[in-house]
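The primary structure of each chain is shown beneath.
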Amino acid sequence: LLSVSLIQRWRASREMLHVSESESESRKFDTMASVALTYMEGLKAMGMVKMHEANQQVMNDLLGLIKQRQRLGVTTGLDLARLDAQLAGERQQTSVSLYAVERAKLNLLNLLALPYETPLALTDEFRPDVLDPPAMKAAVEDALNQRPEVVGQAKRVRASELTYSSITGERLPSLVAQGDYGQIGNRWSNTLDTYNMALLLQIPIFDGGQREGRIAELRQEALRFHSILNQVKMEVHDAMAGLAAARDQVGIAQAGMRSASKELELARERYAVITASSHFELTNGLTAVARARGNLVEALFQLNAARVNLARATGNLNTLQ
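Rules and cut-offs
- Residues numbered from 1 in each chain as written.
- Predicted model: local features only at pLDDT ≥ 70, side-chain atom pairs only at ≥ 80, totals over all residues.
- Heavy atoms only, no water.
- Helix = DSSP H or I, 4+ residues; strand = E, 2+ residues; numbered from the N terminus.
- Contact = heavy atoms within 4.5 Å.
- Salt bridge = Lys/Arg side-chain N within 4 Å of Asp/Glu carboxyl O.
- Buried < 20%, exposed > 50% of the residue type's maximum accessible area, 1.4 Å probe, protein only.
- Core = buried A, V, L, I, M, F, W, Y, C linked by side-chain atoms within 4.5 Å.
- 1 Å grid on protein atoms, 1.4 Å probe; cavity = no way out; pocket = protein on both sides within 12 Å on 5 of 7 lines; lining within 4 Å.
- Points joined across faces, edges and corners; volume = space filled by probe spheres on them.
- Nonpolar A, V, L, I, M, F, W, Y, C, P; charged D, E, K, R; others polar.
- Phe/Tyr/Trp six-rings, centres within 6.5 Å; stacked < 30°, edge-to-face > 60°.
- Lys NZ or Arg CZ within 6 Å of the ring centre and 35° of its normal.

Trainee: What is the right way to read the environment of Ala246 from this model?
Mentor: Relative to the helices and strands, Ala246 is located in helix α6 (residues 220–273). Taking the C-alpha atoms as reference, Ala246 lies 8.5 Å from Asn304; in sequence the two are 58 residues apart. Among all residues touching Ala246, those that are not within four sequence positions of it are Gln302, Leu303 and Ala306.

If you want it as C-alpha cells, here you go:
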C-alpha cells in the first residue's frame, strides 16, 4: 500500500533506461567516427596512388629527354639507369598504395556490416580547407550539451540519487497488505473456500550495514561524472589544437609543393639547354617533388581526419559533410 523505497526504485529504473539509450548513442557515434576515419584512410591511399602516377608521368617525360641526350652523346648510361631505378621505385609504391586502397575498402565493408562482394567506390576528395572552427568556449559547451557520454552519465547520477533515496527509504516503515483465496477438496462438488488476509506494518531495524555499503558505491557516480566532463573537455581542446596544426601543415605543404615544382622545372630547363649540366640537379628536383606531393597528401589527410575528430569531440557527427 505504501513504500517510499519501492517508489524511488521504480523512478531510478526509468532513469537507467535513459542511460542505456545514451550508451547506445555513444557506441553509434564511435562507429560513425571509425567509418569516417577509415574512409579518410581510403582517400589517402587513393591520393598516394595518384601521387605516384604523377611522379611516373614526370619521370617518363624526363626519360625521353635523357635518351635524346644519350643519342647526342652528351650523357651517359648511368643517368639513364639512375632514372630507371627511380621509376621502378615509383611503380612499386603505386602497387603498395593500390593494395592500401583495397584494404581500406574491406575495412569499410566490415564496419558497415556489408558483404565483402559489395562493389564500393570512394567518390569524394580531400577538402583542402575547412570553415573556421567555433570558439573554444562554444565548442566545449556544445560537447557538454550533446555528447551522449555526458548525457548518459548525468542520467546515471540522477538514477543514483533516486536509488540513494530508495535505500534511505528502506529505513522507514512500510505498510503491506497480503491476501489469497482458493478452494480445497478432491471433487468440484464438495470443495470449500479458503482464504486469508493480513495487514502488516514492517519496521526495519538492522540489515548488517548493507545500506551504507550501497550508498558508498552510489557516491562514486558523481566522481565519474566529473571525470567524464574533464575527459570531454580535454578531447575538445585536443581536437581544436589538431585542427589548427593540420591547417598550418596544409599551407606549408602547398607552399613546399610550389617550390619543389619550380625547382624541378628550372632543373629540367637547365638540363635541356646546358649540355654540361649535371643530372644530379634533375634527380634532386624529382626527389623534392615526390616528397612534396607525399607531404601534401599526408597534410590533407590530417586536416580531414581532424575535422572528424572535432565533430566527434563536440557531438556533431550527424552534421559532418
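Here the narrative resumes, following the displayed structure.
Trainee: Explain the pattern of salt bridges here, please?
Mentor: Once their charged atoms are close, side chains differing in charge can pair, the charge on each being opposite to the other. Taken as a whole, this structure holds seven salt bridges when the rule is applied. Of the charged contacts, one joins Asp30 and Arg312 as a salt bridge, the two residues approaching to 2.7 Å between their closest N and O atoms. Of this pair, Asp30 sits in helix α1 (residues 4–71) while Arg312 sits in helix α7 (residues 279–314), and the two are 282 residues apart along the sequence. Of the residues examined, Arg312 reaches a relative accessible area of 10% and is grouped as buried. Glu235 serves as the salt-bridge partner of Arg147, at 2.8 Å between the closest nitrogen and oxygen. With Arg147 in the loop between α3 (136–146) and α4 (148–169) and Glu235 in helix α6, this residue pair connects regions lying 88 residues apart in the sequence. For Glu235, a relative accessible area of 26% puts it in the partly exposed group.

Trainee: Sorry, what's going on with the nonpolar core here?
Mentor: Across soluble globular proteins, nonpolar side chains have a tendency to be buried as a group. Counting residues in each nonpolar core, the largest one holds 36 residues, and the members touching the most others are Met40, Leu43, Phe126, Val236, Leu243, Leu303 and Leu317. Among the elements of the structure, α1, α3, α6 and α7 are those that each provide at least two residues to this core. The element that contributes the greatest number of residues to this core is α7, accounting for eleven residues. Once you skip the residues sitting within four places of it in the chain, Phe126 turns out to touch Met40, Leu43, Lys44, Val297, Leu300, Phe301 and Asn304. Among the nonpolar cores identified, the runner-up in size contains 19 residues, and Met59, Leu62, Leu63 and Ala288 belong to it.

Trainee: Before we go on, may I ask you to explain the layout of surface pockets in this structure?
Mentor: Which parts of space are left empty comes out when a probe the size of a water molecule is rolled across the atoms. Volume-wise, the largest pocket comes out at about 400 Å³. Along its surface, the largest pocket is lined by 16 residues, and Leu131, Pro134, Arg307, Leu310 and Leu320 are the ones closest to its centre. Of the residues forming the lining of the largest pocket, the biggest block, four residues, is contributed by α7. Across the lining of the largest pocket, the residue classes break down as eight nonpolar, four polar and four charged.

Trainee: What exactly am I supposed to notice about the packing of aromatic side chains here?
Mentor: The geometry of an aromatic ring pair is captured by two quantities: the separation of the ring centres and the angle between the planes. For the structure shown, the criterion picks out one aromatic pair. Over the face of the ring belonging to Phe301 we find Lys44, whose NZ or CZ atom lies 4.8 Å from the ring centre.

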